[in-house]
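# Understanding the architecture of this molecule
For reference, the chains in residue letters:
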Amino acid sequence: MAPSLEVGDAHSASQIKSENKQSTAVLEQLLSKLSVSKGGDDSKGFAQEIALFINGDIEEEAAPTKFVEGIKKMLNNKKDATARQNACETVATIASHSDVSVVVQPLLVSLLPNILAAVGDKMSPVKVAAQNAALSITKAINPNAVKVVIPHFIHSIRNAQKWAEKMTDLLCIEALAESAPVQTGLRVPDLIPIVSEAMWDTKPEVKKHAYGTMEKVCQLISNRDIERFIPELIKCIAIPENVPETIHLLGATTFVTDVHEPTLAIMTPLLERGLKERETAIKRKSAVIVDNMCKLVEDPKIVAAFLPKLMPQLTYNHDNLADPEAREKTKQAYDTLVRVGHVVDGKIPEVSRDGDVATILGKLTDILSYKHKNVVEKFKPALEYVSAIG
């Protein structure tokens, strides 16, 4: 039986190799036609053919690499705006397919930085096509893979040369909030800081749109104690002068709902500023809010990322406030953070990175490298995607 099995394996390997070769040839031909197409119906026809082909049930190894290389080459063609537009429209067509292949999704994510950069193109048709492609990719991914795309939007907002790219990043974040609300809700602590930065952008259009994006992100926060205050919390990010008034409003709140990272993410910017206000009464009330709210934190991992933002100022206030009662309330807040955060000898614990894409990817790479070292680099986009889902 063993010899026949080996013959079967050899035949199977030979068949796969032949199919791979055929797949690559077909894809190269389609990409070649697309790259020289002058737009219009011809380009749309080639884009549809590529979408059907790449999302199809085919045995292939080289085709994904060829696809990504081909699209990037077209996007980098500085002399041919039509080629750049065709590339973006093809990506959008693939991502908008009725059944986007699980094999294709990581490839689309790997193209996202290039697509976002294309939003800053000088040619309007390319801009529009790139924005549509970025949104299509965002909506096409597995909802459980949001961790793999959010870093692209964060990097883009901070480094974009053109404001239109930042606007697209904000639109994509809104699309995530709509298409994957539960999963995106868990990433609110990653999103609030970057959207806050956009709310202070020098471009008025970006500032205005970021405010709306922040509203949509904060709708994902589930905490009955603060939900009615969320509009004021967002306003404080845009207008810091509103901090004292908002602290007064929250100072009368009784916290009864368990507190998780998203709640802390929207509350911490306010409390940071409140603890630094000149008026002692505001510093005192800020400390009281920290104390009352953080008593409802059940896991030290929840509060870990926020301790470095709150504890140093609490320490400073305790050492410098003249009012004995304000010092006492500040000490209570500090002690609560020490207790719930498992702070030992004043050393703030490191934030756990066990669920980060980089951590899981490292472990997955180590496992696969033992017997499949040649596969790891070749299929890195797929491994990153799987790591995000995991």
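Scoring rules and cut-offs
- Residues numbered from 1 in each chain as written.
- Predicted model: local features only at pLDDT ≥ 70, side-chain atom pairs only at ≥ 80, totals over all residues.
- Heavy atoms only, no water.
- Salt bridge = Lys/Arg side-chain N within 4 Å of Asp/Glu carboxyl O.
- Helix = DSSP H or I, 4+ residues; strand = E, 2+ residues; numbered from the N terminus.
- Buried < 20%, exposed > 50% of the residue type's maximum accessible area, 1.4 Å probe, protein only.
- pLDDT = per-residue confidence, 0-100.
- Contact = heavy atoms within 4.5 Å.
- Axes fitted to C-alpha atoms, helices over the stretch in contact; angles between N-to-C directions.
- Parallel < 35°, antiparallel > 145°, perpendicular 65-115°, else oblique.
- Left-handed = near helix turned anticlockwise from the far one by under 90°.
- Nonpolar A, V, L, I, M, F, W, Y, C, P; charged D, E, K, R; others polar.
- 1 Å grid on protein atoms, 1.4 Å probe; cavity = no way out; pocket = protein on both sides within 12 Å on 5 of 7 lines; lining within 4 Å.
- Points joined across faces, edges and corners; volume = space filled by probe spheres on them.
- Expected span 1.5 Å × (residues − 1).
- Bend = angle between axes of the 7 residues up to and from the residue.

## A closer look at the pattern of salt bridges
Oppositely charged side chains can form a pair if their charged atoms are brought close together. All chains considered together, the criterion is met by eleven salt bridges. Among the salt bridges present, the one from Asp201 reaches Lys166, with a minimum N-O distance of 2.6 Å. Separated by 35 residues along the polypeptide, Asp201 in the loop between helix 10 (188–198) and helix 11 (204–218) and Lys166 in helix 8 (residues 163–179) bring together distant segments of the chain. A salt bridge links Glu325 to Arg284; the nearest nitrogen and oxygen atoms lie 3.0 Å apart. On the criterion of sequence distance, the pair formed by Glu325 in helix 18 (residues 324–340) and Arg284 in helix 15 (residues 280–294) is long-range, its members being 41 residues apart. Here Glu325 falls in the partly exposed class, since its relative accessible area comes to 41%. Residue class for Arg284 comes out partly exposed when judged on its relative accessible area of 23%.

## Let's talk about the confidence of the model for the protein
Residue-level pLDDT values for the protein average 90, and 93% of them are 70 or greater. Considering only residues more than four positions removed or in separate chains, one finds that residues 1–11, a stretch of pLDDT under 50, has zero contacts.

## Let's talk about the packing of helix 7 (residues 146–159) against helix 8
For the pair helix 7 and helix 8, the least separation of the axes is 9 Å and the interaxial angle reads 155°. As judged from the angle between their axes, helix 7 and helix 8 are roughly antiparallel. Relative to helix 8, helix 7 is oriented so that their crossing is left-handed. Taken together, the residues of helix 8 that come into contact with helix 7 (itself represented by Val146, Val149, Ile150, Phe153, Ser156 and Ile157) are Glu165, Lys166, Asp169, Leu170, Cys172, Ile173 and Leu176. A class-by-class count of the residues in the contact of helix 7 with helix 8 yields nine nonpolar, one polar and three charged.

## As for the layout of surface pockets
There is about 1500 Å³ of room inside the largest pocket. Contributing to the lining of the largest pocket are 50 residues, with Leu186, Arg187, Pro189, Asp190 and Glu261 lying nearest its centre. Secondary-structure elements contributing two or more residues to the lining of the largest pocket are helix 7, helix 9 (181–186), helix 10, helix 14 (261–276), helix 16 (300–303), helix 19 (357–378) and helix 20 (380–389). Tallying contributions element by element places helix 14 first for the lining of the largest pocket, with nine residues.

## Remarks on the environment of Ala63
Inspection of the secondary structure puts Ala63 in helix 3 (residues 62–75). Residue Ala63 is classed as buried on the basis of its relative accessible area, which comes to 1%. For the pair Ala63 and Ile266, spaced 203 residues apart in sequence, the C-alpha to C-alpha distance is 44 Å. If near-sequence neighbours (up to four positions away) are discounted, Ala63 is found in contact with Thr24 and Leu27.

## Focus on unusual backbone geometry
Residues other than glycine predominantly adopt negative phi, and peptide bonds predominantly adopt the trans conformation. Even without glycine at this site, His342 takes up a positive phi of about 55°. Of note, His342 is situated in the loop between helix 18 and helix 19. If you check the backbone angles, Asp345 has positive phi at about 55° while not being a glycine. Relative to the helices and strands, Asp345 is located in the loop between helix 18 and helix 19.

## Thoughts on the side chain of Asp121
Topologically, Asp121 is positioned in the loop between helix 5 (104–118) and helix 6 (124–140). The class for Asp121 is buried, based on a relative accessible area of 13%. Sequence-distant contacts of Asp121, that is, excluding residues within four places in its chain, are made with Arg84, Val126 and Lys127.

## Comments concerning helix 14
Helical geometry note: an α-helix holds 3.6 residues per turn, so side chains three or four residues apart project in the same direction. The first and last C-alpha atoms of helix 14 sit 22 Å apart over 16 residues, in line with the 22 Å expected at 1.5 Å per residue. At Met267, helix 14 shows its strongest bend, of approximately 40°, with the proline Pro269 following within four residues. Within helix 14 the residues assigned to the buried category are Pro262, Thr263, Leu264, Ala265, Ile266, Met267, Thr268, Leu270, Leu271, Gly274 and Leu275.

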